[in-house]
Amino acid sequence: EADATIGDLSRLSSAAPAARLSLPSLRTGQFVAIRTADLAVFQGPDAVADSGAQVGYVRGTPGEDFVRDHLPLSHGYGFEDGAAAIRSLRSHRIDFFVHQEPELVFLAQGAPPGDLLVLPRALSEREFGFAVAPGRRDLLEQLNAFIDRAMADRSLEDVRELWISGPNRTAD
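Residues numbered from 1 in each chain as written. Predicted model: local features only at pLDDT ≥ 70, side-chain atom pairs only at ≥ 80, totals over all residues. Heavy atoms only, no water.

Please explain the overall build of the protein as it appears in this structure.
Within the protein one finds 7 helices and 9 strands. Each of the 172 residues in the protein was classed as buried or not, and the buried ones make up 44%. For the protein, contacts bridging at least 24 residues in sequence account for 73% of all contacts bridging at least 6. When the accessible surface of the protein is totalled, it reaches about 9300 Å², and 55% of it is carbon and sulfur. (Helix = DSSP H or I, 4+ residues; strand = E, 2+ residues; numbered from the N terminus. Buried < 20%, exposed > 50% of the residue type's maximum accessible area, 1.4 Å probe, protein only. Contact = heavy atoms within 4.5 Å. Areas by Shrake-Rupley, 256 points an atom, 1.4 Å probe, with all protein chains shown as cover.)

Help me out: how do you make sense of the pairing of strand S5 (residues 54-58) in this one?
Consecutive side chains along a regular strand alternate between the two faces of the sheet. Across the 5 residues of S5, 4 count as buried, placing the element largely inside the fold. For S5 and strand S7 (residues 96-100), the ladder comprises 2 bridges, and the chain directions are parallel. Among the inter-strand pairings, Gly 56 is bridged to a residue of S7, identified as Phe 97. (Pairing = 2+ DSSP bridges.)

Got a minute to help me understand the confidence of the model for the protein in this structure?
Caution applies to low-pLDDT parts of the model: their predicted coordinates are not meant to be read in detail. Averaged over all residues, the pLDDT of the protein is 85; the fraction at 70 or higher stands at 89%. Taken element by element, the predicted model of the protein shows its lowest mean pLDDT in helix H2 (residues 45-50) (65) and its highest in helix H4 (residues 82-90) (96). (pLDDT = per-residue confidence, 0-100.)

It is not clear to me how the pattern of salt bridges should be interpreted in this structure. Could you clarify?
Side chains carrying opposite charge are able to pair once their charged atoms draw close together. The full count for this structure, using the stated rule, is 12 salt bridges. The partner of Asp 115 in a salt bridge is Arg 90, with the nearest N and O atoms 2.6 Å apart. With Asp 115 in the loop between helix H5 (101-108) and strand S8 (116-118) and Arg 90 in helix H4, the pair connects residues that are 25 residues apart, well separated along the chain. Classification of Arg 90 by relative accessible area gives partly exposed; the value is 22%. (Salt bridge = Lys/Arg side-chain N within 4 Å of Asp/Glu carboxyl O.)

Explain the environment of Gln 30 here, please?
Along the chain, Gln 30 turns up in strand S4 (residues 30-35). Gln 30 sits in the buried class, given a relative accessible area of 1%. The sequence separation of Gln 30 and Ser 124 amounts to 94 residues, and the corresponding C-alpha distance is 5.3 Å. In contact with Gln 30, not counting residues within four places along its chain, are Pro 62, Gly 63, Val 98, His 99, Gln 100, Ala 122, Leu 123 and Ser 124. One polar contact links the side chain of Gln 30 to the main-chain amide nitrogen of Gly 63, over a distance of 3.3 Å. Of note is the side chain of Gln 30, whose polar atom sits 2.7 Å from the side chain of Gln 100. (Polar contact = N/O pair within 3.5 Å; in protein donor to acceptor, adjacent residues only side chain to side chain.)

I would appreciate a short explanation of H5 in the present structure.
Residues spaced three or four apart along an α-helix face the same direction, because each turn holds 3.6 residues. Buried within H5 we find Glu 101, Leu 104, Val 105, Leu 107 and Ala 108. Viewed end-on, H5 has its buried residues packed into an arc of 165°, placing them on one side of the element. (Arc of directions from axis to C-beta.)

Explain the pairing of strand S6 (residues 75-79) to me, please; I cannot follow it from the model alone.
Where S5 lies against S6, 5 bridges are found, and the strand directions are parallel. When the bridges of S6 are listed, Tyr 57 appears paired with Gly 78. Assessed by its sense of winding, the connection that carries the chain from S5 through helix H3 (residues 62-70) to S6 is right-handed. (Right-handed = clockwise from strand over helix to strand, strands pointing away.)

Mind showing me how you'd approach the environment of Pro 102 here?
Note on placement: Pro 102 falls in helix H5. With 74 residues separating them along the chain, Pro 102 and Thr 28 place their C-alpha atoms 7.9 Å apart.

Rendered as structure tokens:
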């Protein structure tokens with residue numbers, strides 16, 4: 001058994017009700033990846049909602065929930081994982097891919113470079129943090145102290161900018 005895990009705090013609280021939750025360490029959400037060549041056609045997330053486009057998501061994730069609940073004009077396609085959805089986006093089988101920001105930015109950075117972009121506005125927002133085993137109050141206190149320090153000195157923002165916001169983003 002693990003002493004702690006990181007993830008979406010709302011999902012962690014329902015998946016592990018006995019666990020104690022840390023302070024939020026990251027705010028992120030569902031974003032859209034698009035082919036760079038299609039950017040002129042689809043100008044932002046509102047265009048995605050109104051387009052009737054083919055939209056990919058990973059089954060069993062908040063991306064699937066978002067497509068079902070907020071994109072009624074689209075045609076949703078579920079994938080086993082993000083890599084399969086990105087391959088379908090690159091091969092024009094889907095028009096967009098809705099997924100959690102950190103992984104989506106990472107996946108969009110693959111070859112060929114610059115062919116995909118992640119639109120800058122979140123479709124939804126989630127808070128990430130740690131779920132800590134009930135008997136590990138000491139670990140929870142250490143994690144919360146670290147999060148407080150990292151938020152105060154903005155080092156978490158620096159990490160986010162370096163590793164999450166990354167190069168495959170359109171301008172805000």
